[in-house]
Amino acid sequence: MVSVRNIIVEALTRATLANRKQGAQPSLVEDAYIRFCGILREYSDNNLITAFRGEVEFDGNAEQIEINGTDIPAAGITDIKAAFYRADNSPDYYPLNFVSLETFYDCGLSDYTYSFQPTAENKFRLYLKPRFAALNRRVKLIYNIEIKLGLDDAVNLPIVYTELLTRALAYKMAVDKPRATPDKRNELRLEMEKLEGQLKANNADNRILLRTPKDRVFNMETMNSGSFIFGR
């Protein structure tokens, strides 16, 4: 299993800031760890990594509902990504349309519209239209969960995502501490953007992500080479 520290040392090595066998200086590891946490949060917020998601379901019977506050618990919520409702006696969910709070009260909008605003750390206020609230539909929210990984925690993500984090961290650290040549930094950027593009296309097309076959072993060598990405 790959840990945060494994990813950091590998990324620093690619950025010519460390040696894979000898490890990295503690100060560099600490700097890289801060950058790693930021990258992970950014990819989660931008829907590139969707593993850190939660969902909660409740009765949408009020025009304003406190999420992770006095009304609905949603531990660690950092952002609301989508909302759905369920019709009476139906197992199916239908999407609610999100609009900004500035336009939520426009009378021309559908009753099946919602908005929200952050009210405190890990707390949100959800807004529903009056006629929708009167129907007392079941509402389901999909939300981002706050990501907290320590240096020696395992990164429980598909292999392609650990490679994405490694490439992004290598490029960011090479820019922050430019020991690598301009050509090397450009190479790291292109590698990062290439994998980002592949994953965005996969997500958009709802395809299954490629992963290491069962008869092959994943380790730091396969991660270094990137062979797992296209292997079958």
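For the structure given in this document, a descriptive report is provided here. If you're wondering where the values come from, they're calculated on a predicted model, not measured in any experiment. (Residues numbered from 1 in each chain as written. Predicted model: local features only at pLDDT ≥ 70, side-chain atom pairs only at ≥ 80, totals over all residues. Heavy atoms only, no water.)

Focus on the packing of aromatic side chains
For the coordinates displayed, the defined rule picks out 9 aromatic pairs. Where F98 meets F116, the ring centres are 5.3 Å apart and the plane angle is 40°; that geometry is what we call tilted. Of the two residues, F98 sits in strand β5 (residues 97-98) while F116 sits in strand β6 (residues 113-120), which places them 18 residues apart along the sequence. For F116, a relative accessible area of 15% translates into the label buried. Between F104 and Y105 the ring centres are 5.1 Å apart and the planes differ by 85°, which places this aromatic pair in the edge-to-face class. Accessibility expressed as a relative area gives 57% for Y105, which makes it exposed. Joined through ring pairs, the aromatic side chains of Y85, Y94, Y112 and F132 make up one cluster. Of note, K129 hangs over the ring of F104, and the distance from its end group to the ring centre comes to 4.6 Å. (Phe/Tyr/Trp six-rings, centres within 6.5 Å; stacked < 30°, edge-to-face > 60°. Helix = DSSP H or I, 4+ residues; strand = E, 2+ residues; numbered from the N terminus. Buried < 20%, exposed > 50% of the residue type's maximum accessible area, 1.4 Å probe, protein only. Lys NZ or Arg CZ within 6 Å of the ring centre and 35° of its normal.)

Notes on the side chain of R14
With respect to the secondary-structure elements, R14 resides in helix α1 (residues 4-14). Side-chain polar atoms of R14 contact the side chain of E10, separated by 2.9 Å. (Polar contact = N/O pair within 3.5 Å; in protein donor to acceptor, adjacent residues only side chain to side chain.)

Here's the deal with the pattern of salt bridges
In total, this model carries 18 salt bridges according to the counting rule given. When the shortest N-O distance is used, the salt bridge between R189 and E193 registers 3.0 Å. Within this pair, R189 and its partner E193 are both found in helix α5 (residues 182-205), separated by 4 residues, close to a single helical turn. Counted as one network, the salt bridges with shared partners bring together E55, E57, D59, R86, R138 and K140. (Salt bridge = Lys/Arg side-chain N within 4 Å of Asp/Glu carboxyl O.)

A word on the packing of helix α2 (residues 26-45) against helix α4 (residues 159-176)
In the contact formed by α2 and α4, the axes pass within 10 Å of each other and the chain directions differ by 125°. By the angle between their axes, α2 is oblique relative to α4. Handedness of the α2/α4 crossing: right-handed. Here L28, D31, A32, R35, F36, I39, L40 and Y43 of α2 come into contact with α4, specifically with L164, L165, A168, L169, K172, M173 and D176. When the residues that make up the contact of α2 with α4 are grouped by side-chain class, the tally is 11 nonpolar, no polar and 4 charged. (Axes fitted to C-alpha atoms, helices over the stretch in contact; angles between N-to-C directions. Parallel < 35°, antiparallel > 145°, perpendicular 65-115°, else oblique. Left-handed = near helix turned anticlockwise from the far one by under 90°. Contact = heavy atoms within 4.5 Å. Nonpolar A, V, L, I, M, F, W, Y, C, P; charged D, E, K, R; others polar.)

Details of unusual backbone geometry
Here T16, not a glycine, exhibits a phi torsion of approximately 60°, which is positive. Considering the arrangement of structural elements, one finds T16 in the loop between α1 and α2. For N136, which is not glycine, the phi dihedral falls at a positive 55°. Looking at the element boundaries, N136 is found in the loop between α3 (130-135) and β8 (137-145). Assessed through its relative accessible area of 37%, N136 is described here as partly exposed.

Keep in mind that these numbers describe shape and distance, not what the molecule does.
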